[in-house]
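Given next are the chains, with one letter for each unit.
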Amino acid sequence: MTDISPLFGRVAIIGIGLIGSSLARALVEYRLAQEVVCADRSAEACAKAMELGIVATATTDLADALEGSELVVLATPVGSFAEVGERIGPHLRPGTIVTDVGSVKQAVLRDVGPHIPAGVHLIPGHPVAGTEHSGPESGFATLFEGRWCILTPPPAANPEAVAKVEEMWRRVGSKVELMEANHHDRVLAITSHLPHLIAYTIVGTASDLEESTQSEVIKFSAGGFRDFTRIAASDPIMWRDIFLNNREAVLEVLQRFTEDLTALQRAIRWGEGQHLQDHFTKTRAIRRGIIDARQA
Ligand SMILES: NC(=O)c1ccc[n+]([C@@H]2O[C@H](COP(=O)([O-])OP(=O)(O)OC[C@H]3O[C@@H](n4cnc5c(N)ncnc54)[C@H](O)[C@@H]3O)[C@@H](O)[C@H]2O)c1
Ligand SMILES: O=C(O)C(=O)C[C@]1(C(=O)O)C=C[C@@H](O)C=C1
């Protein structure tokens, strides 16, 4: 039988954008919190969250939202974590759990960690689910269903706090895995960060090419290119912060990618058809493996 008792009393979401509002909606829909409130530096985002009925209260004063909250979820861009940590630190009471949804994990321990008082539990997390849209109006409660959520608790993390955050993600429909922050950042550099960098590059290059005007780029973007334009429409601030905060891992995979791209370039130049065919056969099998794993 499914457990339907609320996991938390009051939950405060800091940053009521796509991910913050999706989690707020899911917490309410699945009755995981008695009350969900939010804080956001944008008065417009707060007003929208209230208008949409996503939260009980919304404020631009971060400290206000913390009052009586058992769980605090940071859902702002990764580059704001140091500032947000500094603001909330003095208002956190012992026993509170602080988690986040940031796409990079070592930066959370580095930037938020120093502001967490003794007795407060910092359990970083990353729901590997999203869209190219931003803001409270873009969120939806089912965003996390069937998707991974990676938790990167530090070695000394309180096991009960880890279990509670894990349970929250499971109850909103996610599959949960625990790993070290460093490992997370290396894995996501190749599976998420590099693909976005490639999309940002290819869309920029296509629109810069003089012979294909902007209108032609749009006109003929029905296939593969269209998929790249969706990804390249993702939030510029969020992605600036991801690249600046996962610099080493991204540069490492980018180096490897550049070498592999050069090998394909060489095969095309020298007419090495078999090399190209073998490579594309291998990647097709990888794609089919991913689809099969999702359906299993
Ligand atoms: N978009 C995705 O696909 C996705 C997926 C998983 C994780 N994430 C992570 O989730 C976090 C939020 O991303 P999003 O897509 O929901 O962004 P978003 O732009 O939709 O929302 C971010 C919100 O944070 C607010 N904000 C920014 N700086 C702030 C500050 N200093 N203090 C208070 N509020 C502040 C903004 O006003 C905005 O309302 C990021 O860390 C991102 O890396 C995003
Ligand atoms: O589906 C998309 O639009 C996404 O880009 C989501 C995506 C991803 O790369 O998978 C993007 C960044 C997040 O940290 C997690 C998920």
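Residues numbered from 1 in each chain as written. Chains lettered and ligands numbered in written order. Predicted model: local features only at pLDDT ≥ 70, side-chain atom pairs only at ≥ 80, totals over all residues.

Per an unreviewed UniProt entry, the chain goes by prephenate dehydrogenase and derives from Azospirillum thermophilum. The annotation that UniProt attaches to the chain under Catalytic activity (unreviewed entry) is "prephenate + NAD(+) = 3-(4-hydroxyphenyl)pyruvate + CO2 + NADH". (UniProt positions renumbered as here; feature names shortened; annotations may be inferred.)

(A) Local environment of the site of ligand 1. What surrounds ligand 1 is a group of 29 residues, the closest being Gly 15, Gly 17, Ser 103, Gly 130 and Ser 134. Mapped onto the shell around ligand 1, the elements with two or more residues apiece are α1 (18-29), α4 (81-88) and α10 (236-245). Counting residues per element, the shell around ligand 1 draws most heavily on α1, which supplies three residues. In this structure, the shell around ligand 1 is formed jointly by two domains, domain 1 (8-179) and domain 2 (183-295), each of which donates at least three residues. (Near = placed C-beta within 6 Å. Helix = DSSP H or I, 4+ residues; strand = E, 2+ residues; numbered from the N terminus. Domains from an automatic or database assignment.)

(B) Here's a closer look at the site of ligand 2. Residues in contact with ligand 2, as listed here, are Ser 103, Val 128, Ala 129, Gly 130, Thr 131, Glu 132, Ser 192 and Ser 234. For the shell around ligand 2, the residue count by class is two nonpolar, five polar and one charged. (Nonpolar A, V, L, I, M, F, W, Y, C, P; charged D, E, K, R; others polar.)

(C) Spatial organisation of the sheet that holds strand β8 (residues 148-151). Taken in spatial order, the three strands of this open sheet run β7-β8-β9, and their pairing is mixed. Only two strands of the sheet have a single partner each, and these edge strands are β7 (125-127) and β9 (175-178). The sheet shows a mean angle of 20° between the axes of neighbouring strands, taken without regard to direction. The pairing of β8 with β9 spans four bridges and is classified as parallel. Paired with Cys 149 across the two strands is Val 176, which belongs to β9. On top of the sheet, helix α6 (residues 159-171) reaches β7, β8 and β9; it is set at about 170° to β8, its chief contact. (Pairing = 2+ DSSP bridges. Axes fitted to C-alpha atoms, helices over the stretch in contact; angles between N-to-C directions. Contact = placed C-beta atoms within 7 Å.)

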